[in-house]
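Single-letter residue listing:
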Amino acid sequence: MERSEMMAGMAEQFMTNWTSSVFRDRCVAQIETVRSETHPNVNSEDKVEQFLASHTSKELEEFIFGKSKTREDYVGLMAEMLMMLRQHAGKPIVVVVVIVVTEVVIAVVVVVVVVVVVVVVVVVVAVVVAVVEVVVTAARTTAE
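The name recorded for the chain in an unreviewed UniProt entry is Mediator of RNA polymerase II transcription subunit 15, from Elysia marginata. Looking at the chain in UniProt, the text filed under Sequence similarities (unreviewed entry) is "Belongs to the Mediator complex subunit 15 family." Under the UniProt heading Subunit (unreviewed entry), the note attached to the chain is "Component of the Mediator complex."

As structure tokens, this is what we get:
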């Protein structure tokens, strides 16, 4: 197998299979990156920070994987845990607010897109129903 085929296969696994080692290893790397930026303290008074500091990145990923039933669960829990790492490890509140605001903006955009798609579908269905009614009426008129 050529290197390009292997890389294409890995990319496909990453994009489609959340249970693959490629996808999960990438998430472990994300946890590790955030941990190296925030330096959670195992001796902190904050129980969440203690938990996050007392487990390896791989253990934290395995914990999340074990709690997840779908890709959406997994990605959502991963995002939550990364945000908690940033929040509980003494990151400035501004960073946390920016992250939360960004997530809210993304959620609003998704909702708007869904609403637009629903409206378009409703309009298309209404047009199709109107056309069918015209055709049926014309057919009845012609048949009489």
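Before going further, it helps to spend a moment on the pattern of salt bridges. Taken as a whole and judged by the stated rule, the model has two salt bridges. Across the pair Arg24 and Glu61 runs a salt bridge, and its minimum N-O distance is 2.6 Å. Separated by 37 residues along the polypeptide, Arg24 in helix H2 (residues 21-38) and Glu61 in helix H4 (residues 57-67) bring together distant segments of the chain. Classification of Arg24 as buried rests on a relative accessible area of 15%. Of the charged contacts in the structure, one is a salt bridge between Glu61 and Lys58, with a shortest N-O distance of 4.0 Å. Highlighted residues: Glu61 and Lys58, both in helix H4, separated by three residues, approximately one helical turn. Residue Glu61 is classed as buried on the basis of its relative accessible area of 0%. One network of salt bridges, with partners in common, ties together Arg24, Lys58 and Glu61.

One rule of thumb: low pLDDT means the predicted coordinates there are not for detailed reading. When pLDDT is averaged across the chain, the result is 81; 80% of the residues are at 70 or more. Put simply, helix H1 (residues 3-16) is where the chain has its lowest mean pLDDT, 67, and H4 is where it has its highest, 95.

What counts, and at which threshold
Within each chain, residue numbers correspond to sequence positions counted from 1 in written order. Reporting in this predicted model follows two pLDDT cut-offs: at least 70 for local features of residues, and 80 or more for side-chain atom pairs to be given and counted; totals over whole chains, interfaces and linings ignore these cut-offs and use all residues. Excluded from the side-chain calculation are hydrogens and water; included are all heavy atoms of the structure. UniProt positions are given in the numbering used here, feature names are shortened, and annotations may be inferred rather than shown by experiment. Salt bridge criterion: a side-chain nitrogen from Lys or Arg within 4 Å of a carboxyl oxygen from Asp or Glu. Helix and strand labels come from DSSP, where a helix needs a run of H or I of at least four residues and a strand needs a run of E of at least two; each type is numbered from the N terminus. Buried residues are those whose accessible area, probed at 1.4 Å on protein chains only, stays under 20% of the maximum for their type, while exposed residues exceed 50% and partly exposed ones sit between those limits. Summary of the metric used: pLDDT quantifies the predictor's per-residue confidence within the range 0 to 100.

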